Amino acid sequence: MSEREILTNYVYRIVASLLQHGVEEVVVSPGSRSTPLAYAFASTESVKMHRQIDERAAAFYALGIAKASAKPVVLLCTSGTAAANYFPAIIEAKYARVPLIVLTADRPHELREVGAPQTIDQIRLYGGHVKYSMEFPIPDVAPQTVQFIEHHIGRAVAIASSAPFGPVHINIPLREPLLIDFRSLNELTFKASFLQETIPSQAARDFLAQTINDTENGILIIGELPLGLDIAPLWSFIRNCKWPVLIESLANMRGAVPEDCLPYVISTYDAILKNEHFKEAVAAHTVIRFGAQPVSKFVMQFLTQTMPEKYIVIDEDALFRDSTNSSTHFIQGKPGAWLEQLTLQTDSIHYLTLWQQAERIARKHIAAYTAHAQDEGAFVQKMLELVPNGSDIFVSSSMPIRDIDTFFLATNKDIRIFANRGANGIDGVTSTALGFSTVHKRPTYLIIGDLAFLHDANAFIASRYQANDLTVVVLNNDGGGIFSYLPQASIEAHYEDLFGTPTALTFEQLAAMYDVQYERLEHLATFEAALQADKSEPLRLLEVMTDRAVNVTSHRALWQRISEELNKWLQK
């Protein structure tokens, strides 16, 4: 058998094994050493291939596809620093629990550490930030090699797809020549992997039901949930439990809320928990949290200050998330049908009424926000009002996600919110949103600040190779707006140089370079008209000019109005 035939068999076996285990999409960053694998993916009709020449942007693009589909997505790059450029997205995938299959082509062993070009140490390159790491053997004729490939591809996909989801890495050394013969994969047979669903033990379920039934003052907290989760059992649980439930925007349970569940949903918790008197009045005996920790630091402060007798975290991973170290019990399991089987008998109407009244007060002031302000919060609020039913909004870290958490109130309208909150970074956000938008056919929007948008300026390169459909709203306050709310803002010396970091950049020319429809907007009325207008291009960029100082003043005035009315009510 010739070297070319050996290489052809090898790379097609990799692709075939991925297909057999359910992989459907691959993002390829072009390069020389990965040529055989790129050819194999490109010539296989049952694989949807995406291209992005910037590896850093490509990895976030794949992350977005995986977030939208809740299925593992393959990433392929050449050797050297190309693989290192995947690292930020891999870190995000690790902490956000997103399934990625990272394939890094490599030089053969004899070219390592001898000065060969594009050669770095790629063995376990990503360390503990991947769930599984493996180096494949050099292509050869040994039957064991094919068996090895099949077994470890199956293992890699299963590990990436098992709770909690996460990235895996396979390093693939290849010798020249790198050309292959194109072939069909019709002869494949399917090999199935059966993964275990994470369900709590009967003892854990009994403990949970008994705790709920014995509790007078209890609250539920729902953070960002596992990808692809069926949330119907959670709604059933909320109906049966009848406790106030603090639902974070990223849980995707603030939109399309069932009518009979609306009375239990508290979506203004970040505002009302800024009030010390209210926190004292609603100190909980028991707190039960599903999913990730909330974005709101005021929720976490509430838990640490009031110290509930029982704080139960329910998570699919034994390495559960509790940065405050204040939880008292942990139940391993994914929310599911088992929640509907709990026998609950609760009666905490007075406690629920306290939360409901505070919610009404906060909602009244938040709903009237645009009458007082024309800042970023007002633009976010207007956007939530105007996007069509059945829309997805991807949100950047820093202020945009906090404004969403403030202004996205529980509603029957079907809106879903997504973000990169694994590592809470601002890099790769546009690329992730672009990748996300390729999977779902729902209208997709991105809200992002100017610095985060600059961090990922190469994202739109992907649009030169495949169709994307996305409306990007850049809130341009010429710098890092989040720092205006932090203690650094109280010290004038070096603030603008180190934290404000103004660039004086706008993005009209960037939009023109990629044929992106562009509008610069400065007023709420023109923003409203722009959002309601039809797009002339699949990609649209709305640049909204805002002021950092005005943002801070307007937000604090809102919180003050809410707090003052809460104080009057609590003093009655």
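Conventions we followed
- Residues numbered from 1 in each chain as written.
- Predicted model: local features only at pLDDT ≥ 70, side-chain atom pairs only at ≥ 80, totals over all residues.
- Heavy atoms only, no water.
- Helix = DSSP H or I, 4+ residues; strand = E, 2+ residues; numbered from the N terminus.
- Buried < 20%, exposed > 50% of the residue type's maximum accessible area, 1.4 Å probe, protein only.
- Axes fitted to C-alpha atoms, helices over the stretch in contact; angles between N-to-C directions.
- Parallel < 35°, antiparallel > 145°, perpendicular 65-115°, else oblique.
- Left-handed = near helix turned anticlockwise from the far one by under 90°.
- Contact = heavy atoms within 4.5 Å.
- Nonpolar A, V, L, I, M, F, W, Y, C, P; charged D, E, K, R; others polar.
- Salt bridge = Lys/Arg side-chain N within 4 Å of Asp/Glu carboxyl O.
- 1 Å grid on protein atoms, 1.4 Å probe; cavity = no way out; pocket = protein on both sides within 12 Å on 5 of 7 lines; lining within 4 Å.
- Points joined across faces, edges and corners; volume = space filled by probe spheres on them.
- Pairing = 2+ DSSP bridges.
- Core = buried A, V, L, I, M, F, W, Y, C linked by side-chain atoms within 4.5 Å.
- Expected span 1.5 Å × (residues − 1).
- Arc of directions from axis to C-beta.
- Right-handed = clockwise from strand over helix to strand, strands pointing away.

1. What to know about unusual backbone geometry
Turning to step 1, where the next piece is worked out: Pro-164 follows Ala-163 through a cis peptide bond whose omega is -10°.
Turning to step 2, where the next piece is worked out: Along the chain, Pro-164 turns up in the loop between helix H6 (143-161) and strand S6 (167-173).
Turning to step 3, where the next piece is worked out: Put simply, Glu-176 and Pro-177 share a cis peptide bond, and its omega is 0°.
Turning to step 4, where the next piece is worked out: Structurally, the position occupied by Pro-177 is in the loop between S6 and helix H7 (202-214).
Turning to step 5, where the next piece is worked out: One non-glycine residue, Ala-70, lies in the positive phi region at around 60°.
Turning to step 6, where the next piece is worked out: Along the chain, the position of Ala-70 falls in the loop between helix H3 (55-69) and strand S3 (73-77).
Turning to step 7, where the next piece is worked out: Judged by its relative accessible area of 21%, Ala-70 falls in the partly exposed class.
Turning to step 8, where the next piece is worked out: Unusually for a residue other than glycine, Thr-501 sits at a positive phi of about 40°.
Turning to step 9, where the next piece is worked out: With respect to the secondary-structure elements, Thr-501 resides in the loop between helix H18 (495-500) and helix H19 (508-513).

2. A few points about the packing of H3 against helix H16 (residues 429-437)
Turning to step 1, where the next piece is worked out: Where H3 meets H16, the axes come as close as 6 Å, and the angle between the chain directions of the two elements is 45°. As summarised for this structure, H3 and H16 are arranged oblique, according to the angle between their axes. For the crossing formed where H3 meets H16, the hand is right-handed. Every residue of H16 that contacts H3 at Ala-57, Phe-60, Tyr-61, Leu-63, Gly-64, Ile-65, Lys-67 and Ala-68 is listed here: Ser-431, Thr-432, Leu-434, Gly-435 and Phe-436.
Turning to step 2, where the next piece is worked out: In terms of residue class, the contact of H3 with H16 is made up of eight nonpolar, four polar and one charged.

3. Digging into the pattern of salt bridges
Any two side chains of opposite charge can pair, so long as their charged atoms come close to each other.
Turning to step 1, where the next piece is worked out: Scanning the model with the defined rule gives 29 salt bridges in all.
Turning to step 2, where the next piece is worked out: Among the salt bridges present, the one from Arg-56 reaches Asp-427, with a minimum N-O distance of 3.9 Å. Here the residue Arg-56 occupies a position in helix H3, and Asp-427 occupies one in the loop between strand S14 (415-419) and H16, the gap between them amounting to 371 residues.
Turning to step 3, where the next piece is worked out: For Arg-56, a relative accessible area of 24% translates into the label partly exposed.
Turning to step 4, where the next piece is worked out: Among the salt bridges present, the one from Arg-442 reaches Asp-392, with a minimum N-O distance of 3.0 Å. Highlighted residues: Arg-442 in the loop between H16 and strand S15 (444-449) and Asp-392 in strand S13 (residues 391-395), separated in sequence by 50 residues.
Turning to step 5, where the next piece is worked out: Where salt bridges share partners, they join Arg-97, Asp-315, Glu-316, Asp-317, Arg-321 and Lys-334 into one cluster.

4. Quick notes on empty space enclosed by the protein
Turning to step 1, where the next piece is worked out: Applying the stated rule across the entire model yields three cavities of 30 Å³ or more.
Turning to step 2, where the next piece is worked out: Looking at the largest cavity, its volume works out to about 50 Å³.
Turning to step 3, where the next piece is worked out: In terms of lining residues, the largest cavity is bounded by Gly-22, Val-23, Glu-24, Glu-25, Ser-69, Lys-71, Pro-72 and Val-73.
Turning to step 4, where the next piece is worked out: When the residues that make up the lining of the largest cavity are grouped by side-chain class, the tally is three nonpolar, two polar and three charged.
Turning to step 5, where the next piece is worked out: In this structure, the second largest cavity spans a volume of roughly 40 Å³.
Turning to step 6, where the next piece is worked out: Taken together, Glu-376, Met-399, Asp-403, Asn-477, Gly-481, Ser-484, Tyr-485, Arg-548, Asn-551, Val-552 and His-555 make up the lining of the second largest cavity.
Turning to step 7, where the next piece is worked out: Contributing elements (two or more residues each) for the lining of the second largest cavity: helix H15 (399-407) and helix H21 (548-570).
Turning to step 8, where the next piece is worked out: Tallying contributions element by element places H21 first for the lining of the second largest cavity, with four residues.
Turning to step 9, where the next piece is worked out: Taken together, the residues of the lining of the second largest cavity break down into three nonpolar, five polar and three charged.

5. Focus on the sheet that holds S3
Turning to step 1, where the next piece is worked out: Pairing is parallel in the open sheet, where six strands are placed in the order S2-S1-S3-S4-S6-S5. Of all the strands in the sheet, the pair left with one neighbour each is strand S2 (48-51) and strand S5 (132-135). Strand-to-strand twist across the sheet, computed as the mean angle between neighbouring axes with direction ignored, equals 20°.
Turning to step 2, where the next piece is worked out: Strand direction decides the pairing type here: strand S4 (residues 100-106) and S6, joined by seven bridges, are parallel.

6. Points about the nonpolar core
Turning to step 1, where the next piece is worked out: Within the largest apolar cluster, 62 residues are counted, with the highest numbers of intra-cluster contacts made by Ile-272, Leu-273, Trp-355, Ile-393 and Phe-527.
Turning to step 2, where the next piece is worked out: Excluding residues that lie within four positions of it along the chain, Trp-355 makes contacts with Ile-219, Pro-244, Leu-246, Ile-266, Ile-272, Leu-273, Phe-278, Val-282 and Phe-302.
Turning to step 3, where the next piece is worked out: Formed by 52 residues, the second largest nonpolar core is a distinct cluster that contains Tyr-61, Ala-96, Ile-461 and Leu-510.

7. Brief notes about H7
Turning to step 1, where the next piece is worked out: Over its 13 residues, H7 runs 18 Å from end to end, which matches the ideal 18 Å to within 8%, given 1.5 Å per residue.
Turning to step 2, where the next piece is worked out: Those residues of H7 that sit buried are Ala-204, Arg-205, Leu-208, Ala-209, Thr-211 and Ile-212. An end-on view of H7 places all buried positions within 160° of arc, on one side of the element. Among the exposed residues of H7, those oriented more than 90 degrees off its buried face are Ala-203 and Asp-214.
Turning to step 3, where the next piece is worked out: Elements in contact with the buried residues of H7: helix H8 (232-241), strand S10 (286-290), strand S11 (310-315) and strand S12 (329-332).

8. Description of the pairing of S10
Turning to step 1, where the next piece is worked out: Among the five residues of S10, five are classified as buried, and the element is accordingly described as predominantly covered.
Turning to step 2, where the next piece is worked out: Alternating positions in S10 separate into two faces, Thr-286, Ile-288 and Phe-290 on one and Val-287 and Arg-289 on the other, with burial throughout.
Turning to step 3, where the next piece is worked out: In this structure, strand S7 (residues 218-222) lies alongside S10, joined through five bridges in parallel fashion. Following the sheet pairing, Gly-218 is matched in S10 by Thr-286.
Turning to step 4, where the next piece is worked out: In the sheet, S10 pairs with S11 via five bridges, with the strands oriented parallel. Paired with Thr-286 across the bridge in S11 is Lys-310.
Turning to step 5, where the next piece is worked out: For the crossover that starts at S10, traverses helix H11 (residues 297-306) and ends in the parallel S11, the hand is right-handed.

9. A short note on helix H2 (residues 35-42)
Turning to step 1, where the next piece is worked out: Among all positions of H2, only Thr-35, Pro-36, Leu-37, Ala-40 and Phe-41 are buried.
Turning to step 2, where the next piece is worked out: Buried residues in H2 make contact with helix H1 (3-20), strand S1 (25-28), S2, S3, S4 and S6.

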